[in-house]
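Structural overview
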Amino acid sequence: MEDKKLQNKLKKRPIGVFDSGIGGLTVAKSLFDILPNEDIIYLGDSARLPYGTKSKETIILYSIECLKFLLKKNVKFIVVACNTASANALPFLQKITKVPVIGVITPGAEAAVKKSKSERIGVIATMSTVQTESYKKEIHKKNKGSKVFSNSCSLFVQLAEDGWTDNKIAELVAKEYLNEFTKLNIDTLILGCTHYPILKNTIQKVIGKKILLIDSGEETAKQAKIILTQKNLLNTQKKAGEHKFFVTDFQHKFKDVSERFLGRKLSKVQKIKLN
């Protein structure tokens, strides 16, 4: 009886999500859609972005601080909604807590391997994520025969934040970045940065309809639901989940950019300081 009470208490705890800034809101949006009854706490470490330009040691340190903040909120599950943190810090985070922690790279890689028929997979991400070869390593864990082609698309981040997603400039930039992939006969392309789904329509238009786009954030939300179900941790409440947002700094145009990424108005945003 006590075990059942404890399990019911655990089910009602929130899911924690953290990112180096606001890009992870695209992951949060997928979680809201796929797990509508879950309470979710989002932390954006916007005061110290971007993580991609930092050393591995610093990325791990920052990620641990984000993790500790979420653990103090009694979360039952943690999603690292940042490709850079997932690539560099995930194994360390998983070692220091019993709370399940997942990143965005493995779910994206697994989905690409599952859906690719030609075994020729493209990956677009930030320079830091590309350099770690994290997606390539995860893809080869599932299928050593897959050919993986990667390219960093740094300007996509600024285009997404500025709202320049469906204009001629976005299309020209996408053509420059994606031209190489059109010659490589890939059939699947992983959007390996949380900003990139904002440019999904332009990327699809440039790369062609025959190439399947994999949204790592969406795949991560699906994976989160599977794990929560397996561990009997799904919130069974009938009402919609409550969502709380924390940031370490309010960046320029924070409200406009965050609402664009989330696809709705943002409420209850609190500025905090990480120790």
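Data block above holds the structure.
Since the model is a prediction, treat every value here as computed from it, not as a measurement.

About the cut-offs
- Residues numbered from 1 in each chain as written.
- Predicted model: local features only at pLDDT ≥ 70, side-chain atom pairs only at ≥ 80, totals over all residues.
- Heavy atoms only, no water.
- Helix = DSSP H or I, 4+ residues; strand = E, 2+ residues; numbered from the N terminus.
- Buried < 20%, exposed > 50% of the residue type's maximum accessible area, 1.4 Å probe, protein only.
- Contact = heavy atoms within 4.5 Å.
- Pairing = 2+ DSSP bridges.
- Axes fitted to C-alpha atoms, helices over the stretch in contact; angles between N-to-C directions.
- Salt bridge = Lys/Arg side-chain N within 4 Å of Asp/Glu carboxyl O.

A look at unusual backbone geometry
For the bond running from leucine 49 to proline 50, omega is -5°, close enough to zero to count as cis. Inspection of the secondary structure assignment puts proline 50 in the loop between β2 (40-44) and α3 (56-72). For glutamate 133, which is not glycine, the phi dihedral falls at a positive 55°. Relative to the elements of secondary structure, glutamate 133 occurs in the loop between α6 (127-132) and α7 (134-142). Its relative accessible area of 41% is what places glutamate 133 among the partly exposed residues. Phi at asparagine 185 takes a positive value of approximately 55°, unusual for a residue other than glycine. Residue position: asparagine 185 is located in the loop between α9 (168-178) and β7 (188-191). Residue class for asparagine 185 comes out exposed when judged on its relative accessible area of 59%.

Re the environment of serine 63
Mapped onto the secondary structure, serine 63 falls in helix α3. Sequence separation between serine 63 and glutamate 176 is 113 residues; the distance between their C-alpha atoms is 33 Å. In this view, serine 63 contacts Phe18, Tyr51, Ala85, Ala89 and Leu93; residues no more than four positions away in its chain are not counted.

A word on the sheet that holds strand β8 (residues 212-215)
Taken together, the four strands give an open sheet; going across it, the order is β6-β5-β7-β8, and neighbouring strands pair in parallel fashion. Edge positions in the sheet fall to β6 (147-152) and β8, since each of these pairs with one other strand and no more. Neighbouring strand axes in the sheet, compared pairwise and without regard to direction, differ in orientation by 25° on average. Summarising the sheet, strand β5 (residues 120-125) and β6 pair through six bridges and their orientation is parallel. Bridge pairing links valine 123 to serine 150 in β6. Packing against the sheet, helix α11 (residues 216-230) makes contact with β7 and β8, and its axis sits at approximately 60° to β8.

Re the pattern of salt bridges
Taken as a whole and judged by the stated rule, the model has 13 salt bridges. A salt bridge links glutamate 65 to arginine 48, with the shortest nitrogen-to-oxygen separation between them at 2.8 Å. One end of the pair, glutamate 65, is in helix α3; the other, arginine 48, is in the loop between β2 and α3, with 17 residues separating them in the sequence. A salt bridge links lysine 271 to aspartate 249; the nearest nitrogen and oxygen atoms lie 3.7 Å apart. Of the two residues, lysine 271 sits in strand β10 (residues 269-271) while aspartate 249 sits in the loop between β9 (243-247) and α12 (254-262), which places them 22 residues apart along the sequence. Residue classification places aspartate 249 among the partly exposed residues on the basis of a relative accessible area of 26%. Each member of the salt-bridge network shares a partner with another, and the members are Lys115, Glu218, Glu219 and Lys222.

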